[in-house]
Amino acid sequence: MAIDNPHFRKKSRFHEHIIETVMFLFALFSMLITVGIVVILVRESYLFFSDPQVDLIGFLTGKNWQPMIHQFGFLPLLNATFTTSIIAMLLGIPIGLFVAIYLAEYASDRMRGILKPVLEVLAGIPTIVYGYFALTFMTPLLRSLFGQDVVEIYNTASAGLVIGILVLPMIATMAEDAISSVPKELRLAAYALGGTKIETTFKVVIPAALSGLSATFLLALSRAIGETMVVALAAGAGPKLTANPFKAAETITGYIVRISGGDVSYNSVDYNSIFALGLVLSIITFTLNLVSRKISTIFHQEYE
Amino acid sequence: MQNSVSFGSEENLLSMMERRRKAGVVWQAVFLFSTSLAILFLILLLFSVIDSTFGFAAIRYEKKPSELMVGKSQLSDFSRQELEETAKTHLSSGILRRVEYEKPIADRTDKDLIGILEQYVLQPSVLRTWGLWASLTKQGEINEYLFDQGDAVLTFKSWLTIDFLFADQSANPLYAGIRTAMLGSLWIILITFLFAFPIGVGSAIYLEEYAKPTRLTRLLQLNIFNLSAVPSIIYGLLGLAVFVRAMETFTSGSLFSGVADTTANGRTILSGGLTLGLLVLPIIIINTQEALKAVPDSLRMSSYGIGATKWQTIWGQVLPVSIDRILTGTILALSRALGETAPLVVIGASTFISVDPSGIFSKFTTLPIQIYQWSARPQGAYRNVAGAAIIALLILLMALNSSAIILRDKLSKKKRMEA
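Structure report, in brief. Fair warning: this is a prediction, and the values are worked out from it, not measured in the lab.

Calculation rules
For every chain, the first residue of the written sequence is number 1, and numbering continues from 1 along that sequence. Just so you know, chain letters begin at A and ligand numbers begin at 1, following the order they were written in. Only residues with pLDDT of 70 or above have their local features reported here, since the model is predicted, and side-chain atom pairs are shown and tallied only from 80 upward, although totals for entire chains, interfaces and linings are computed over all residues. Note that the side-chain values use all heavy atoms of the structure and ignore hydrogens as well as water. Numbered from the N terminus, helices here are DSSP runs of H or I no shorter than four residues, and strands are runs of E no shorter than two. A radius of gyration in this sense is built from C-alpha atoms; the matching globule rule multiplies 2.2 Å by the number of residues raised to 0.38. Here's how the labels work: a residue is buried when its accessible area is under 20% of the maximum for its type, exposed when over 50%, partly exposed in between, all with a 1.4 Å probe on protein chains only. Contact definition: two residues touch when any of their heavy atoms are within 4.5 Å. For the area figures, the Shrake-Rupley method with a 1.4 Å probe applies, and any residue is considered shielded solely by the protein chains shown. Positive charge is attributed to Lys and Arg, negative charge to Asp and Glu, and no charge count is given to His or to the chain ends. Note on charges: their place is set at NZ of Lys, CZ of Arg, CG of Asp or CD of Glu. Grouping buried Ala, Val, Leu, Ile, Met, Phe, Trp, Tyr and Cys residues that are joined through side-chain atoms within 4.5 Å yields what is termed a nonpolar core. An automatic or database domain assignment is the source of the domain bounds shown. By buried area we mean how much accessible surface two parts lose on assembly, using a 1.4 Å probe and totalling the loss over both. Any carboxyl oxygen of Asp or Glu within 4 Å of a side-chain nitrogen of Lys or Arg constitutes a salt bridge here. Identification of polar contacts relies on pairs of N or O atoms within 3.5 Å, with a donor-acceptor requirement for protein atoms, meaning one able to donate a hydrogen and the other able to accept it, and with residues adjacent in sequence counted only if both atoms are side-chain atoms.

### Examining the overall build of chain B
Helix and strand counts for chain B stand at 18 helices and three strands. In summary, chain B has a C-alpha radius of gyration of 30 Å against a globular reference of 22 Å for 419 residues, an excess of more than 25%. Seen through its principal axes, chain B has C-alpha atoms that stretch 90 × 85 × 45 Å. Taken across its 419 residues, chain B has 48% of its residues classed as buried. In chain B, the proportion of contacts linking residues at least 24 apart, taken out of those at least 6 apart, comes to 73%. Accessible surface computed for chain B: about 20400 Å², of which carbon and sulfur atoms make up 61%. Measuring between centres, the 38 positive side-chain charges of chain B sit 10 Å from its 33 negative side-chain charges.

Here it is as structure tokens:
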């Protein structure tokens, strides 16, 4: 009978298995990247901290970062990183949120058709162009507003504001998604109770979208902390512990770029120090991303 | 806005309603204002770039044409013979030899010769530049400056010219160009594509078509999302330690002896391309997954139904209908790579290079790196050059993105016709 005919039996298709295995290995490759990042950062950081000139406590609490005289306190770099990021958030979060609210609740289809491409173009512009903008536009603007003596040529305020503009499209787009995914019934219920549009937005829609919005803000903060070219061009070279945003101060990323851009020799403290700082940067951004992800999973459980 | 609603007199009620209405109007104005701010930022950004690309420049020449040939005030007034003569007598012997070596003077066009004479004999140097806005509004200040300088010449200059696109780097901003950087960028993008596209699409196919919902799959997925949020500078550190340092014999080409550029020591196009490949890999995977998710399951089922194997289904049915989206996603990822600066600076690409890259083992510079270097220089004229380079970069990005859109439209039209 036909069943017994060897032609009809299921063949073992060897090449199908090979293809699946190859695809699986490709998928594993991304895991390898993560492992690579962790191994490299930890290994080089270990070398950095095992250098006799460096101690962990001094690294975490020191107020001076001057490799020339063996002082490795990372507080000045961390401080500058947070100064620029906080300024960026002060500009980016309110404007991004308001743009998102406008897009989600108020804008006509025609208006959205104009605004969405504007945001996409803003998001697609390379960060180096934003750095140029900070240097050639924002800094002169701040200097003419607040005085040439008050604002230094390189300063964290200019870099921070421009990073705020840089993360704005990201905040606006993600926040709009969060706001739009609030069920329509909630709005209708609020209207039925006599709420005005703005009351509905602020007292019903925003609280309902809060977890998605916080996830967005954390991700934006993480992006701002990791941003490099704007601070490398506009924030200044030379770590300095200062609370004044109009003074020059070097951020973690700015320092990494400056040191690696020169000819740094392998196995020197300088070389290892950029990996130690890279590790710090990774820990901060990874934590922010993780918390952001956790918050948004909670959010999804609420409405599905 | 008040939380408690009190039904007082009609007057109270009306004033409360009025307050609530006003709050709405005020906030709507705030939203509209924020939105216009976002648009304003984009306009300002573009304006600041265009502003420095065009404008007046005060230029001082070391020699005047009249000093070379009596009675002639411009090089273009020179006759052919006079041009050749001046070139032979006034060019320094080293430059003359180089010029003759590239192309004999007798074979060069007049325009070519004028260019050479201007650059090496008249030796212009930029004293000061003004942006487009200042050029149009601050005539008085500019004239005053010129008066103080005496012999400086004022020319309205577009820093973005055809020559700018095809010239290599130069110590004189007037003659600096982006050819080397553009070639570097294109090489890097090519390596990035060749490296990241197969791996990215392969990973996505595994995750969407083969993987069962196990812990490992979830871990892989989570990992990809995490990678896409890692700051780009971290990829630079990874590339520095792995491609530049650990794999130096491979990435510098000394493994394949003979072709190696010995001075590159691992800081080559190959290293740069691979580093950016790692950077865009998560983006390509995510975009391809989205494309595969959009393919209806009924298509797969009908394919299995007529006896196709899994791979036959993927290769013959799933990929053909999703290839337009996959390619669009990939091009968008590549345009991200084209604009990346930080990882390449970290792996050490940021050096003065005036030689065109000749292969994957060459040292390189890219357009964004060039912009970074020019912007960071204190001399004002380099800012203008950087502005011109930014316009070139933005045009390149626009071309890439519109090619993605055209490709998508074309492929989907073809698909409709077949259907």
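### A short note on the nonpolar core
Among the nonpolar cores identified, the biggest contains 189 residues, and A:W65, A:Y130, A:L213, A:F275, A:L277 and B:W374 are the most heavily contacted of them. Mapping this core onto the domain boundaries places at least three of its residues in each of domain 1 (54-157) and domain 2 (179-418) of chain B. Non-local contacts of A:Y130, meaning those with residues more than four positions away in its chain, are made with A:L122, A:I125, A:V162, A:I165, A:L166, A:V230 and B:L45. Among the nonpolar cores identified, the runner-up in size contains 15 residues, and B:L68, B:M69, B:F78 and B:L96 belong to it.

### Some words on the environment of A:L91
All names here are of chain A. With respect to the secondary-structure elements, L91 resides in helix 3 (residues 75-106). By relative accessible area, which is 17% here, L91 ends up buried. Taking the C-alpha atoms as reference points, L91 and T21, separated by 70 residues in sequence, lie 49 Å from one another.

### With respect to the interface of chain A and chain B
At the interface, 74 residues of chain A touch 81 residues of chain B. Around 7000 Å² of area is buried between chain A and chain B when both sides are counted, 76% of it from carbon and sulfur atoms. Considering only the side of chain A, the residues that lose the most area to chain B are A:M23, A:Y132 and A:Y266, jointly responsible for 10% of the buried surface there. The tally of links between chain A and chain B comes to two salt bridges. In this structure, B:R245 and A:E44 form a salt bridge, with 3.7 Å as the shortest nitrogen-oxygen distance. Viewed at the interface, chain B and chain A are joined by nine residue pairs in polar contact (both at pLDDT 80 or more).

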